[in-house]
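Examination of the molecular architecture
Residues per chain are reported as follows:
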Amino acid sequence: MWDYEYNNEAVLNLRDSVPGIVKGQSRSGLYIDLNIENDLDDCKELVPAFGYWTGRLPIGTKVLCSIKRQAREDKDILVSVDSVVYEDEMAA
């Protein structure tokens, strides 16, 4: 397990599937807010992350990510985007 130092009690396993929301995009990839849940206090915390992605996704799209590398002092957590949740298209 890795402690990402955003919350001392929010610890994740490597390759955990973590839900997130796309907050922005550049040519290289997606800026994502990961939704980290703390089971002890039943609270949720948003943690910034970055994932390489070549396609276009609108802001607010829900994604599932796997943790690849922990955060560094000048970089966000690196994730791989495993899947994109297209709820609106599935409901139609």
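The structure we're discussing is the one just above.
Residues numbered from 1 in each chain as written. Predicted model: local features only at pLDDT ≥ 70, side-chain atom pairs only at ≥ 80, totals over all residues. Heavy atoms only, no water.

This part is about the overall build of the protein chain. Check the secondary structure of the protein chain and you find 1 helix and 7 strands. Burial statistics for the protein chain: of 92 residues in total, 33% are counted as buried. Restricting to contacts in the protein chain with at least 6 residues of sequence separation, those with at least 24 account for 49%. Accessible surface, the protein chain: about 6400 Å² in total, of which carbon and sulfur atoms supply 46%. (Helix = DSSP H or I, 4+ residues; strand = E, 2+ residues; numbered from the N terminus. Buried < 20%, exposed > 50% of the residue type's maximum accessible area, 1.4 Å probe, protein only. Contact = heavy atoms within 4.5 Å. Areas by Shrake-Rupley, 256 points an atom, 1.4 Å probe, with all protein chains shown as cover.)

Let us look at the packing of aromatic side chains. Throughout the structure, instances matching the rule amount to 2 aromatic pairs. Ring centres of Y31 and F50 lie 5.1 Å apart, and the angle between their planes is 55 degrees; this geometry places the pair in the tilted category. Of this pair, Y31 sits in strand β4 (residues 29-38) while F50 sits in strand β5 (residues 43-52), placing them 19 residues apart in sequence. On the basis of relative accessibility, which here comes to 38%, the residue Y31 falls in the partly exposed class. Looking at F50, the relative accessible area reads 13%, which means it is buried. Residues F50 and Y52 carry aromatic rings whose centres are separated by 5.1 Å and whose planes lie at 90 degrees to one another, so their mutual orientation is edge-to-face. (Phe/Tyr/Trp six-rings, centres within 6.5 Å; stacked < 30°, edge-to-face > 60°.)

Let us now look at the environment of D76. On the secondary structure map, D76 appears in the loop between β6 (62-69) and β7 (77-85). Since its relative accessible area comes to 29%, D76 is described here as partly exposed. Contact partners of D76, with chain neighbours within four places excluded, come to P48, A49, F50, R69 and A71.

Right, let's talk about the nonpolar core for a bit. Judged by nonpolar contacts, the single largest core of 16 residues is most densely connected at I32, L34, V63, C65, V79 and V81. Where this core is concerned, the elements lending two or more residues are β3 (17-25), β4, β5, β6 and β7. Excluding anything up to four places from it in sequence, V79 contacts I32, L34, A49, F50, G51, Y52, C65, S66, I67 and K68. (Core = buried A, V, L, I, M, F, W, Y, C linked by side-chain atoms within 4.5 Å.)

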